[in-house]
Amino acid sequence: MCQPTSSNADAKLPPSAPAVATARQVLERGTLLASLSLLLLITGMSITFPQMQSRRDQLGCDSLCYGTMTSVRSALGLVGTAVVGRLSDRNGSLLARTLGSLGKSSSSQGGNASGRRACLHIGTVASLVGLAFAVAMNSLRGLWLSMIPGALLQHNFDVYKALLSEYHNDIEHLEQLEVGNDKENKEEGSEKASTSSRSGSVGKLGMAAGISFMTGPAIAAIASPTFQVAAYIAIACTLASGFVIFHLPMPVRSAHAHSHNNDEKQSSAEFSLMNMLKLQTPKSRAAMTLIVIRLNMALAFHVFNTIWPASLKARFQFGPSDHARFMSFIGITYAFSQGFLAKRLVNIWGNDGKVYLIMTCCAVLGAGRFIAYYTSSMLVVYATFFFIINALGTLNTVLTAQTGSIAPSNEIGGLFGILQAAESAAGMIGPFMGGVISHYLGKDAPLVAVVGLYGFLFVFVSWGYERHIVSSHKDDGEVCSDARKEVKKSI
């Protein structure tokens, strides 16, 4: 995409090939280290998962307590994701110049201050504080206090997605400023390569998350530690994740641009929630389309989750060990989807077929939930969830890559934060909605609502995805083409 964050002086000089090569090296190293840091962070937290239910029972946290805690966590996440996302965009802030300067610079010429790195450090510290409360206070109050810091401030996954998008934005900006023969004729191929590359980077992050959700519970099952021991292991993993952040390279070109221009642009940010709700520009309409898709996906998940565990127990007498095996299977499948399948499906369907890929995923999710809920065969449940998780992983990869390509580098964190806040809102509304539907319309009625939500998404994507999201890229491509012509005239 065409990035408007560089100065006019920079635009007059086409970048050299070494500059593009350096940006690609930063992308490769940054993707690797971001995936490693995320893997360590989530692995540490997931090691404590098998002991959490028994700890809640031991401390007297009943279903009302747990439901209230879930709602509070979602409410804190609703606020935290939006605030952290916006803070991560501010490379010129005091937080970025202090905490964000603690780490490796990508250039000897500066650009070390980073809002992204500052927010990653804050997320790591929040996780450590929560674990410290859990270890030090073996009480109901300690259970609540251990939840608050992470729910409010630990949103490293979303910050990493914004950071990877910024890497790609820098590479595309450098490539678009190159003055070469037949540049315009290569735009379609470049767009396809960019989409594939973004999907690959997002897939590596998702694969790290899937592996960690599989690895943590497996370690806990094999070692069978007490909660205290599991918490200490989580602290060690979190510290290691924070150490990796110190070596994470920052995209210097974008950092240089919005350290000078960020403060004046924030007042008129296109991707603030109020500006997006006005639907005045193609990009704001594209962002709202993504929010509608994300919100309904999250609602479908949370409504379904109100009836799914009870259904498993009623049909198959699911116990803790069965849940552990099932979660490990989901982790493996999600890692496969993110690391292998999603990028290849994007390549096969191409940019023109992306809307049909999303519609197919919606159809698979709706039909898969229905089959998994009513089958009496455990083998069919596993087979169905193999398709469900792959569809979900592919859908998440496509939408995340698309999100990173519609916003400039100095607003991408805020956009990811708003999208995650919408999902947190669904986490507050979905369980209540599912409970009300089940109480008044019957125990199977939430499933009808879930299938209906996926049916709505199928129709909505077929109507609005190409109209609002794809068209916003075409408009952006026309702007980029005009900008390159002006660059040629000025050289």
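Keep in mind that what you see is a predicted model, and the values were worked out from it rather than measured. (Residues numbered from 1 in each chain as written. Predicted model: local features only at pLDDT ≥ 70, side-chain atom pairs only at ≥ 80, totals over all residues. Heavy atoms only, no water.)

1. Here's the deal with the overall build of the chain
Secondary structure summary: the chain contains 19 helices and 0 strands in total. In the chain, buried positions account for 50% of the 491 residues. Put simply, of all contacts in the chain between residues at least 6 apart along the chain, 86% involve residues at least 24 apart. Of the accessible surface of the chain, which amounts to about 21,400 Å², a share of 66% is contributed by carbon and sulfur atoms. (Helix = DSSP H or I, 4+ residues; strand = E, 2+ residues; numbered from the N terminus. Buried < 20%, exposed > 50% of the residue type's maximum accessible area, 1.4 Å probe, protein only. Contact = heavy atoms within 4.5 Å. Areas by Shrake-Rupley, 256 points an atom, 1.4 Å probe, with all protein chains shown as cover.)

2. Brief notes about the state of the cysteines
Scanning the model with the defined rule gives 1 disulfide in all. The disulfide bridge from Cys 61 ends at Cys 65, spanning 2.2 Å between sulfur atoms. One disulfide, between Cys 61 and Cys 65, carries an S-S torsion of -95 degrees and so falls in the left-handed class. No difference in accessibility class separates Cys 61 from Cys 65, as the two residues are buried. Cys 362 provides the cysteine sulfur closest to Cys 361, a residue in no disulfide bond, and the two sulfurs are 7.0 Å apart. (Disulfide = S-S within 2.5 Å.)

3. Things to note about the side chain of Asn 169
Counting through the fold element by element, Asn 169 comes out in helix α8 (residues 156-177). Since its relative accessible area comes to 0%, Asn 169 is described here as buried. Within the structure, Asn 169 has its side chain in polar contact with the side chain of Arg 198 (distance 2.5 Å). (Polar contact = N/O pair within 3.5 Å; in protein donor to acceptor, adjacent residues only side chain to side chain.)

4. Things to note about the pattern of salt bridges
A complete count under the given rule lists 6 salt bridges for this structure. Between Glu 423 and Arg 294 there is a salt bridge, and its shortest N-O distance comes to 3.6 Å. Of this pair, Glu 423 sits in helix α18 (residues 412-441) while Arg 294 sits in helix α13 (residues 282-305), and the two are 129 residues apart along the sequence. Its relative accessible area of 9% is what places Arg 294 among the buried residues. (Salt bridge = Lys/Arg side-chain N within 4 Å of Asp/Glu carboxyl O.)

5. Observations regarding the packing of aromatic side chains
Taken as a whole and judged by the stated rule, the model has 14 aromatic pairs. Arranged with centres 6.1 Å apart and planes meeting at 80 degrees, the rings of Phe 318 and Phe 326 form a pair that is edge-to-face. On the basis of relative accessibility, which here comes to 4%, the residue Phe 326 falls in the buried class. Seen in terms of ring centroids, Tyr 373 and Tyr 374 are 5.1 Å apart; in terms of plane orientation they differ by 90 degrees. Their pairing is edge-to-face. Looking at Tyr 373, the relative accessible area reads 8%, which means it is buried. Among the aromatic residues, those joined into a ring-pair cluster are Phe 304, Trp 308, Phe 318, Phe 326, Phe 329, Tyr 382 and Phe 385. Across from the ring centre of Tyr 373, 6.0 Å away, lies the NZ or CZ of Arg 315, which sits over that ring. (Phe/Tyr/Trp six-rings, centres within 6.5 Å; stacked < 30°, edge-to-face > 60°. Lys NZ or Arg CZ within 6 Å of the ring centre and 35° of its normal.)

6. Observations concerning a nonpolar patch on the surface
A contiguous nonpolar surface patch, about 380 Å² in accessible area, is contributed by Leu 78, Val 79, Val 83, Met 428 and Ile 429. For the nonpolar patch, the elements supplying multiple residues, two or more each, are α4 (63-88) and α18. Considering every element that reaches the nonpolar patch, the biggest residue donor is α4, with 3 residues. Here Val 83 shows up in helix α4. (Patch = residues over 30% accessible without salt bridge, like charges linked within 9 Å, V, L, I, M, F, W, Y side chains within 5 Å.)

7. A few points about the environment of Arg 73
With respect to the helices and strands, Arg 73 occurs in helix α4. Separated by 74 residues in the primary sequence, Arg 73 and Met 147 place their C-alpha atoms 7.3 Å from one another. Setting aside its immediate chain neighbours within four residues, Arg 73 contacts Met 147 and Ala 151.

8. Quick notes on unusual backbone geometry
One non-glycine residue, Gln 317, lies in the positive phi region at around 50 degrees. Mapping Gln 317 onto the fold places it in the loop between α14 (308-316) and α15 (320-349).

9. Considering the packing of helix α17 (residues 378-406) against α18
At their nearest, the axes of α17 and α18 sit 9 Å apart, and the two run at 140 degrees to each other. One finds that α17 runs oblique with respect to α18. The handedness of the crossing between α17 and α18 comes out as right-handed. For the pair formed by α17 and α18, the contact residues are Thr 400, Thr 403, Gly 404 and Ile 406 on the first element and Ile 412, Leu 415, Phe 416 and Leu 419 on the second. The residue makeup of the contact of α17 with α18, split by class, is 5 nonpolar, 3 polar and no charged. (Axes fitted to C-alpha atoms, helices over the stretch in contact; angles between N-to-C directions. Parallel < 35°, antiparallel > 145°, perpendicular 65-115°, else oblique. Left-handed = near helix turned anticlockwise from the far one by under 90°. Nonpolar A, V, L, I, M, F, W, Y, C, P; charged D, E, K, R; others polar.)

10. What about α14?
For α14, every residue scored as buried is listed here: Trp 308, Ser 311, Leu 312 and Phe 316. Looking straight down α14, one finds its buried side chains confined to an arc of 100 degrees; they lie on one side. Facing away from the buried side of α14 by more than 90 degrees, the exposed set consists of Ala 310, Lys 313 and Ala 314. At the exit of α14 stands Gln 317, carrying a positive phi of roughly 50 degrees. (Arc of directions from axis to C-beta.)

11. Here we look at the packing of α14 against helix α16 (residues 354-374)
The contact between α14 and α16 brings their axes to 9 Å, and the two run at 35 degrees. Residues Trp 308, Ser 311 and Arg 315 of α14 pack against Ala 372, Tyr 373 and Tyr 374 of α16.

12. Some points on the nonpolar core
Grouped together as the largest cluster of nonpolar side chains are 57 residues, with contacts concentrated most on Ile 293, Trp 308, Ile 358, Phe 385, Leu 399 and Tyr 465. Elements with a minimum of two residues in this core: α13, α14, α15, α16, α17, α18 and α19 (445-490). With near-sequence residues (within four places) excluded, Phe 385 lies in contact with Trp 308, Phe 326, Phe 329, Ile 330, Arg 369 and Ala 372. Core analysis: the next-biggest nonpolar cluster, separate from the first, contains 24 residues, Val 20, Ala 23, Leu 38 and Leu 164 among them. (Core = buried A, V, L, I, M, F, W, Y, C linked by side-chain atoms within 4.5 Å.)

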